[in-house]
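# Structural features, examined
Chain by chain, the residues:
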Amino acid sequence: MTFVVTEACIQCKYTDCVTVCPVDCFHEGPNFLVINPDGCVDCGICVPECPANAILADVDLPADQQHFLQLNAELSRYPAWAVINMQKAPLPEHAQWLAVQSKLDQLDRHGA
Amino acid sequence: MPTITKIIDGPARPSPNAVNVPTVCVLCSHNCGLRIDVKDNTITAIRGDESNPNTAGYTCNKARAIPNYVRHAQRVAHPLKRRPDGTFERISWDQAVSEIAERLNHIRQHHAPRSIALAGIGGQGNHMAGLGSLPFMFSLNSPMFFNALGQEKTQHALVWRRLYRATPDVYLHADEEHSDYMLLLGTNPVISNRGRNATEVFKDLATNPQRKLVVVDPRVSETARRADRHMRVKPGCDVYLLMGLTAVIVREHLQDQVFVARHVKDYEPLAKAFQGIDPVLMAERAGVSAQDLIDTAREFAQSPSACIYFDLGIEQIPHSTIVSYLINVLLLITGNAGVEKGNAFIQQFGPKQPYIKKQVEALVSGIEAIPLLLPVGILPPNVIPEEITSTHPDRIRALIVDGANPLVSYPDTKAFREALAQLELLVVIEPAMTETAMVADYVLPTPVGYEKWEFNTFPHMDVTPQLRPPVVQGPDEALPEPEIYFRLARAMGLVPKAPRILHWLARRARHPIGAPIFIGVATMLAALRGGGVFPVAGRVANWLYETLGATLPSPPISMLWLMSHGYALTRRAELNAAVPEARHLKNPHAAGELVFNKLLAHPEGVLLGQSPLQGNFERHCHQPDGKAHIYQSDWMTDIHKLATTAPLQNPDYPFILNGGLRTGWNANTIVRDPAWRKGKGPHCPVILNPEDAAELGIKEGDLVKLTSKRGAIEGPAKLEPGTLRGHLHIPNGFGMQFPDPVTGQLKQTGILINELVDIMDRDPYTGCPHTKTIACSIQRVVEQHDNAHDEQEEAA
């Protein structure tokens, strides 16, 4: 099992989650975070931290977010997506993007 | 001052720098195996240990709080004695032991041994204290022993004693990894980490179309969200739901007739009584849909296998003994008790324990002690105050509190505060300056579970004890609990010096011939001094500590040597099944040495026993006729009353508070330093339904006040749609006083729930408190914008 960062994170990237992760398994791209499924210990402690409610257990992923399971695994392995364990300011336009439902096309894969 | 006999004198000194050292998490009963790194005597990294036979690498976030448990501002460094003005003075161990021994002897000689009581021992992953404290109580011949199991789980042991004549070392646990159908009551294992790896187990239950999960919980919990069916029972009304389920099965003749005929005595009178119970009315009282209840009963009875998974949510509520009884009734009539894929009896490490019928009774309530996991009876902590304040000449006059914190963890803080003040002597044996230690006459410092040899032995499906060495060095003057009890027993004259022959035999005891001679001679010499079974056992344990203990890495391990031999002698089939090299050993003491050597050689935990689930019922039901005695007339009378009387609600207290929600940020009261909690918090809110909040004019973050018939508390409101209307939750394990990192002044962290609990709201058979169903009222005190509570909540 693993927890998964879903679409709601894109263009917001609040990073509240990274401070509570006991195993430092969040990786950072320019406008999105992912969880390394091999490092995740399933504790779920990050879930309530996210202001965008972007983090879900793999078993709880709705049909339209299923592809984020693979995306988290793939991006977390890419060297340019480094581990992040210190909180930083959210992206400048986070407030406008928070309510946007469909924003996968905004994802910056950072070369991955 | 008399000379004090010492065996351990100084701290254990593990290497100050080490990597990948095996140990265990002591913050919950799951006991995840860990590997840690140590630098300059400080724990610097913590990982799950894949070689641990139980948890195989799993941990949750809480394990990372261990450094906060080991090092913090409230460690006790020296023995302390309270002055009349309430401050403490540092004293020597010799002074502490001789003064306490003299005062205990005075009480013992002028009153009764039972005037000296013990509360606590054990905790979640540090079970070595019991191997010293219980022999001390045996030597004293006092049965007055209180443990947290007596405010949680003794109702199950009572039911198993009555129905199966079960021994105390077993637990009828759900075979959660294999069962086709799980009925889950009063627990949220996805968060509270029960079982081998709860996240994986519940993922499989949620996604495997062949398996079904039914969750009974007022709250939309993380586990309930994965359920095939979620029945949102009214808080504390589980008894009606279980009565309804049983009635459906009985009325529709869905019982497993073959199992009932073979394994159940007196099914007929039980069935007759349940014929008269209306499932639809029971569903209404439980607050669930009648169709859901009926469907669940039919499915549970007709599924190829079914289990019931339960925990605190059905243990600290009204009628908890009846609830436990009904769980067993359901398992029995559907053929799921003592079987594979149902609920099976699991057994902890050690020799087979005896069934001892006669148990001590509390003086005031008459509640009988109940043995569970330990061979001695456990009394419920919430009778302690009345056992102290009673006018009976044998009342409790001295209390030793070891590894517990009654002023935070036991129900009804006010009652405890008043009663503890009336004691002639309060001794607290603790690594930390707890709220109870702050009012003690003497505080005796111990190492934490990572600074001494320790042992954990909760029962699992397989027998997997774990004996582990210290990983960091503790305070110079902290002494392991068994050493403290040994010194006290000798200073009190309870146990004489070990006969010289035992020292000679102890040096030859680690041998298949030497072991039985050593044990035999020690027992014989102890018996010659008379005094009954318990004092004899106390002498043997103390002599083992003094003689064999001196030859081992740490003296308390001598009790594990004895348990290893007892295990090999009485449970050989389980040992042989798991340890192939034991099979060819003809001498059971050779097998005992093998067990002990494996324990010593595997600090990461070791598989020492497996038992096939076939024949589980037959092996653990010890009734003379081999059947479960399902009809218990007093409990059936209670059920009849429940069926015919509508439940009452006090209009002054319209809300029901669940006093102790599990979250990712609580670990009972083990970690005192709140700095371990991260994230945005508040970590200890009052959680309520948004519609209730709107009616009361309460907004997220407002300071709210909860009032029960015993007291009032305040905390920040948190609105949660998954909370049932009329229901409230507060996370457990809060309310401790810890120095503010800036001012150094003591400051309370979160809400002390036990201020609200009424000590008299308890189960009549076990004394288990109703902490999960505290009737209270709620009102807004301060609006969120001028609410300073968030700031004061935690240093985090």
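Above this text is the structure in question.
Residues numbered from 1 in each chain as written. Chains lettered and ligands numbered in written order. Predicted model: local features only at pLDDT ≥ 70, side-chain atom pairs only at ≥ 80, totals over all residues.

### A short note on the overall build of chain A
For clarity, the cut-off: Starting at the N terminus, helices and strands are each numbered in turn, a helix being any DSSP run of H or I of at least four residues and a strand any DSSP run of E of at least two. We compute the radius of gyration over the C-alpha atoms and compare it with the globule rule, which gives 2.2 Å times the number of residues raised to the power 0.38. Comment: burial labels come from other C-beta atoms within 10 Å of the residue's own C-beta, placed from the backbone, where a count of 20 or more is buried, 12 or fewer is exposed, and between is partly exposed. Any pair of residues counts as being in contact when their C-beta atoms, constructed from backbone geometry, are within 7 Å of one another.
The number of helices and strands found in chain A is three helices and five strands. Walking chain A from its N terminus toward its C terminus, one meets helices and strands in the order β-α-β-β-β-α-β-α. Whereas a compact globule of 112 residues would reach a radius of gyration of roughly 13 Å, chain A reaches 12 Å, a difference of no more than 12%. Expressed as lengths along the three principal axes of its C-alpha atoms, the size of chain A is roughly 30 × 30 × 30 Å. A total of 112 residues make up chain A; the buried ones form 45% of that total. By sequence separation, contacts in chain A at least 24 residues apart represent 81% of the contacts at least 6 residues apart.

### Comments concerning the overall build of chain B
When helices and strands are tallied, chain B shows 26 helices and 30 strands. Over its C-alpha atoms chain B spans a radius of gyration of 26 Å, differing by no more than 12% from the 28 Å that the globule rule assigns to 796 residues. Principal-axis analysis of the C-alpha atoms places the extent of chain B at approximately 75 × 65 × 55 Å. Among the 796 residues that make up chain B, the fraction classed as buried is 60%.

### Topic: the packing of helix H2 (residues 93-110) of chain B against helix H16 (residues 481-491) of chain B
Think of two packed helices as two axes; the pair is described by the angle between the axes and how far apart they sit. All names here are of chain B. For clarity, the threshold we go by: Interaxial angles span 0 to 180 degrees and are taken between N-to-C directions of axes, which are lines fitted to C-alpha atoms, for helices over the stretch in contact. If an angle is under 35 degrees, it is roughly parallel; if it is over 145, roughly antiparallel; if it lies from 65 to 115, roughly perpendicular; otherwise it is oblique. The sense of a crossing depends on the near helix, which, turned anticlockwise from the far helix by less than a right angle, makes the crossing left-handed and, turned clockwise, makes it right-handed.
Relative orientation of the contacting elements H2 and H16 amounts to 55°, with a least axis distance of 9 Å. Viewed along their axes, H2 and H16 adopt a mutual orientation that is oblique. Viewed along their axes, H2 and H16 form a crossing whose handedness is right-handed. For the pair H2 and H16, the contacting residues are Val97, Ser98, Ile100 and Ala101 in the first and Arg487, Leu488 and Ala491 in the second.

### What about the nonpolar core?
Heads up, the rule is: Nonpolar cores are built from buried Ala, Val, Leu, Ile, Met, Phe, Trp, Tyr and Cys residues. These are joined into a set through C-beta atoms within 7 Å.
Judged by nonpolar contacts, the single largest core of 227 residues is most densely connected at Met182, Leu241, Ile308, Leu326 and Leu488 of chain B. Ignoring any residue separated from it by four or fewer positions in sequence, one finds methionine 182 of chain B in contact with Ala174, Glu176, Leu205, Leu213, Val214, Cys307 and Tyr309 of chain B.

### Focus on unusual backbone geometry
The amide bond that connects glycine 681 of chain B to the next residue, proline 682 of chain B, takes the cis arrangement and shows omega of -5°. Relative to the helices and strands, proline 682 of chain B is located in the loop between strand S23 (655-661) and strand S24 (686-688). Positive phi is not limited to glycine here, since aspartate 24 of chain A has a value of about 50°. Inspection of the secondary structure puts aspartate 24 of chain A in the loop between helix H1 (16-20) and strand S2 (26-28). Positive phi is not limited to glycine here, since asparagine 20 of chain B has a value of about 60°. Looking at where asparagine 20 of chain B falls in the secondary structure, it is placed in strand S1 (residues 18-24). On the neighbour-count criterion, asparagine 20 of chain B (11 C-beta atoms within 10 Å) is exposed.

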